[in-house]
Amino acid sequence: MKGTRRAMKQGIAFLVAAFFSLAAFPGYGATASSPQPPKPAMKYMPDEILVKFKPGIRLDANEYYKTQHRVKTIGSFSIIGVDHLKLPESLTVEEAITLFKKNPGVEYAEPNYYWHITSIPNDPNFALLWGLHNTGQSVNGTSGKADADIDAPEAWDLNIGSGNVIVAVIDSGVYVQHPDLAANIWVNPGEIPGNGIDDDLNGLIDDINGWDFFDNENDPNDLNGHGTHVAGTIGAVGNNNNGVAGVSWGAKIMALKFTAADGSGSTSDAIKCIEYANAKGAHVINNSWGGGSYSQALKDAIDASPAVVVCASGNDGFNNDVISHYPSNYSSSNLIAVAATDQNDNLAYFSNYGFALVDVAAPGVNILSIFNNGGYGYKNGTSMAAPHVSGLAALLWGRSWPSNAENRILTASDIVQRIIQTVDPLPSLSGKTASGGRINAFKALGGSDENGEDGNGGCFIATAAFGSITEPHVATLRQFRDRFMKTNAFGRAVTHLYYRHSPKWAAIIRDHDSLRWIARTALLPVVGLSRIVLFLGAWLAIPAGMIPLLSALFFVDRKNRNKMR
C-alpha cells in the first residue's frame, strides 16, 4: 500500500508539474499558432498487433518473442497463418511493428485496426450539408476546410435519433407537409384529428401537430420559411433518398408558431409556446430568434421548462457580454447560447459572440435545408446554427434513455454541459465563446476523439478526486485541457501520457479516501491557475504560472540548506 501511495503521489506530482510548465510558458499552449493535426484515417488497439510469420518458423518465433519481449499470443487465424499478439506495457504498437519487421522470418506485421460502419445517408443533397460532413467541398460557391463540421456521420454510427424524442420549434411555423419532413412531424396522441373536439382538454381544438399562437388556430403553417428551414436542419428525414438529412433523423418536430409572416412575435405568445411544449413533453426547444429586452416572465418560463432550450446568439456581430441579447443571454441552467461558424471553422462575420454569455458555436453559413414551398434552399445566421445544437441535444436525449422518460439518465442541464464540454476547440473561437469551440456530435455521444481519448471528457484522476465529471473543478480542468493542452504538440504528448496511465490511477484513488484527499489537495492550485489562464489568456498568466514554480524551488532550496547544516 505504501508503494502504491508513493507511485500515486509521484504521478500526481508529474501531472501538476507538466501543467504548470505549460501554463507558465504559453507559447506551447497558444491556440492561434498551433494548427490542429488532421484526424488519422484509422484507430487501432493500443496493445495488440497482427503478425504473419513465414512457414515453418511460427512456433519458434512466438516462443522467442514471448521469452525475450513478453509478447503473448491471444489467438491464431490458421487459414491465413496470422497470429493475434498481445504486447506488454513496455512496448508500443509502433515499436512492436518495427521490431517484428526487422525479422526476416516475418512476412508482415500490422496494427489491430478498429473499423466502423459509416452511416452516410442516401439523401441526394447530403454532400451539400457541409455542417454535418465537411470534406472541403464547394457549397453555394464557397469551398470549405475538411473536418470543419460536427462529425455527424460518426455520431450516426452511435445514434441516428429516436422517435421518442420531441423537439419543439418555436418560430414562424413549420410546413408540416414537406415530403422530407412529414414523416418526422409530431402527432398529438391526445387528439383525434378533425372531430372538432378538444380531446385532451387543454383548451385547444384539434392541435394535431402543434399550434399557431399568433393567429390562435390549429394550423401552424409557415408563411415566412424561417421555421421550416430550422426544422429541416434538426429533423429532416434521413436515408429516404430524398433531399437532405437532419442532425437527428428520427426526432419528432413539434410545430409552434408565434410570429407573423414578417417574423415578429410577442413575449406572451412565446411563453404560450414554451408552456405548450412543456405540457406535451418536448425534450428540446429551439429558439432561433431574439433581440428583445430582458423579460423576467420569459426567463421564468425557460427556467420552468424540463427541456434543453437552445437559443441563437444573434446576427449583429456584437459582443453579448457587453450588449445584451435575449433570450440567449439568460443564465438558465437548461439554456445553451449558440454562435455561428463558417465552412472554414471561423466565427461567422455576422455572428454575435461572448466569452461569458455565448456557450458554443455551430455551422451557420450556407446552410442547406427545406423550404416551405416544398423545395430546398440556403440560409445564413445563428438561427441556422442553433438547430444543429438542437439536433445534437435530441441525439443525446435518445442516447440517454432508449425507451421512455422515466428511464432517462441525463437531465437537460446535464445535456447542456455535455455539449459544451465536448466541443472541438478552435483558435477562432478562443475568447469568443465560453467553451472556445464548435460542437462535435460524435464526441458528445461518447465517441473517441483524434487521440483515442474518452469523448465524455476524460480527466479520470480529477473525476475520481472530486466525485463527478460534471463537478465545476473537473469542468475547469477539462476546458483548460481542450483549449491549451490539446492544441500543440507538447501538450498533446502530455495529455496522451496522462490518458495512458490515469485510468488505473483513478481506480485506486476512488477506493481510498486518503488518496482522494491527496489528489484534491494537489489539484486545487491547478484548478485555480486554470481559471486564471482561461480568463486572462496564457500570456497574461505567465506571472501566475511562475509563482508555484518559484515557490517550489524556494522550498527545495531551503530543505537542502537545512540538510547541509
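Residues numbered from 1 in each chain as written. Predicted model: local features only at pLDDT ≥ 70, side-chain atom pairs only at ≥ 80, totals over all residues. Heavy atoms only, no water.

## A look at the overall build of the protein
Alright, step 1. Within the protein one finds 15 helices and 17 strands.
Alright, step 2. In the protein, which comprises 565 residues, the proportion classed as buried is 52%.
Alright, step 3. Contacts spanning at least 24 positions in sequence make up 69% of the contacts within the protein whose residues lie at least 6 apart.
Alright, step 4. Here the protein has roughly 24,500 Å² of accessible surface; of this, 57% comes from carbon and sulfur atoms. (Helix = DSSP H or I, 4+ residues; strand = E, 2+ residues; numbered from the N terminus. Buried < 20%, exposed > 50% of the residue type's maximum accessible area, 1.4 Å probe, protein only. Contact = heavy atoms within 4.5 Å. Areas by Shrake-Rupley, 256 points an atom, 1.4 Å probe, with all protein chains shown as cover.)

## Describing a nonpolar patch on the surface
Alright, step 1. On the surface, a nonpolar cluster with roughly 360 Å² of combined accessible area is contributed by Phe-77, Ile-79 and Ile-80.
Alright, step 2. Within the secondary structure layout, Ile-80 lies in the loop between β2 (72-77) and β3 (82-86). (Patch = residues over 30% accessible without salt bridge, like charges linked within 9 Å, V, L, I, M, F, W, Y side chains within 5 Å. Salt bridge = Lys/Arg side-chain N within 4 Å of Asp/Glu carboxyl O.)

## Points about the nonpolar core
Alright, step 1. Counting 64 residues, the largest nonpolar core has Val-308, Ile-336, Val-389 and Ile-419 as its most contacted members.
Alright, step 2. Of the residues forming this core, the biggest block, 10 residues, is contributed by helix α8 (residues 382-400).
Alright, step 3. If we ignore the near neighbours within four places in the chain, the residues touching Val-308 are His-283, Val-284, Ile-285, Asn-334, Ile-336, Ala-393, Trp-397, Ala-412, Ile-415 and Val-416.
Alright, step 4. Listed in part, the 29 residues of the second largest apolar core include Ile-170, Ala-270, Tyr-326 and Tyr-330. (Core = buried A, V, L, I, M, F, W, Y, C linked by side-chain atoms within 4.5 Å.)

## Focus on the packing of aromatic side chains
Alright, step 1. Applying the stated criterion across every chain yields a total of 13 aromatic pairs.
Alright, step 2. Plain terms: the ring middles of Phe-53 and Phe-100 are 6.2 Å apart, the flat faces sit at 55° to each other, and that makes the pair tilted. With Phe-53 in strand β1 (residues 44-53) and Phe-100 in helix α3 (residues 93-101), the pair connects residues that are 47 residues apart, well separated along the chain. Judged on exposure class, the residue Phe-53 and its partner Phe-100 are both buried. (Phe/Tyr/Trp six-rings, centres within 6.5 Å; stacked < 30°, edge-to-face > 60°.)

## Some thoughts on the pattern of salt bridges
Alright, step 1. Applying the stated criterion across every chain, the model contains 10 salt bridges.
Alright, step 2. Note that Asp-47 is salt-bridged to Lys-86, the shortest N-O span being 2.6 Å. With a gap of 39 residues between them, Asp-47 in strand β1 and Lys-86 in strand β3 connect regions that are remote in the sequence.
Alright, step 3. You can call Asp-47 partly exposed: its relative accessible area is 23%.

## As for helix α5 (residues 226-235)
Alright, step 1. When you tally the buried positions in α5, you get 10 out of 10 residues, the bulk of the element.
Alright, step 2. Among all positions in α5, only His-226, Gly-227, Thr-228, His-229, Val-230, Ala-231, Gly-232, Thr-233, Ile-234 and Gly-235 are buried.

## Some points on unusual backbone geometry
Alright, step 1. Residues Tyr-326 and Pro-327 are joined by a peptide bond in cis, for which omega reads 10°.
Alright, step 2. Along the chain, Pro-327 falls in the loop between β11 (308-312) and β12 (335-341).
Alright, step 3. For Asn-239, which is not glycine, the phi dihedral falls at a positive 60°.
Alright, step 4. On the basis of relative accessible area, Asn-239 is assigned to the partly exposed category, the value being 40%.

## Remarks on the environment of Val-423
Alright, step 1. With respect to the element layout, Val-423 can be found in the loop between α9 (412-421) and β16 (424-425).
Alright, step 2. Residue contacts for Val-423: discarding those within four places in its chain leaves Val-360, Ser-435, Gly-437, Arg-438, Ile-439, Asn-440 and Lys-443.

## Some points on the pairing of β11
Alright, step 1. Most of β11 is tucked away: 5 of the 5 residues are buried.
Alright, step 2. Alternating residues of β11 divide into Val-308, Val-310 and Ala-312 and Val-309 and Cys-311, and every residue in both groups is buried.
Alright, step 3. Inspection of the sheet shows strand β10 (residues 284-287) paired to β11 by 4 bridges, in the parallel sense. Looking at β11, one finds that Asn-287 is bridged to Cys-311. (Pairing = 2+ DSSP bridges.)

## A few points about the confidence of the model for the protein
Alright, step 1. Put simply, the protein has an average pLDDT of 81, and 77% of its residues get 70 or more.
Alright, step 2. Counting interchain partners and residues more than four positions distant, the pLDDT-below-50 stretch residues 401-408 has 10 contacts. (pLDDT = per-residue confidence, 0-100.)

## Regarding the side chain of Ser-332
Alright, step 1. As for its placement among the helices and strands, Ser-332 is situated in the loop between β11 and β12.
Alright, step 2. Using a relative accessible area of 6% as the deciding quantity, one classes Ser-332 as buried.
Alright, step 3. Within the structure, Ser-332 has its side chain in polar contact with the side chain of Asp-303 (distance 2.5 Å).
Alright, step 4. Excluding anything up to four places from it in sequence, Ser-332 contacts Lys-299, Ile-302 and Asp-303. (Polar contact = N/O pair within 3.5 Å; in protein donor to acceptor, adjacent residues only side chain to side chain.)

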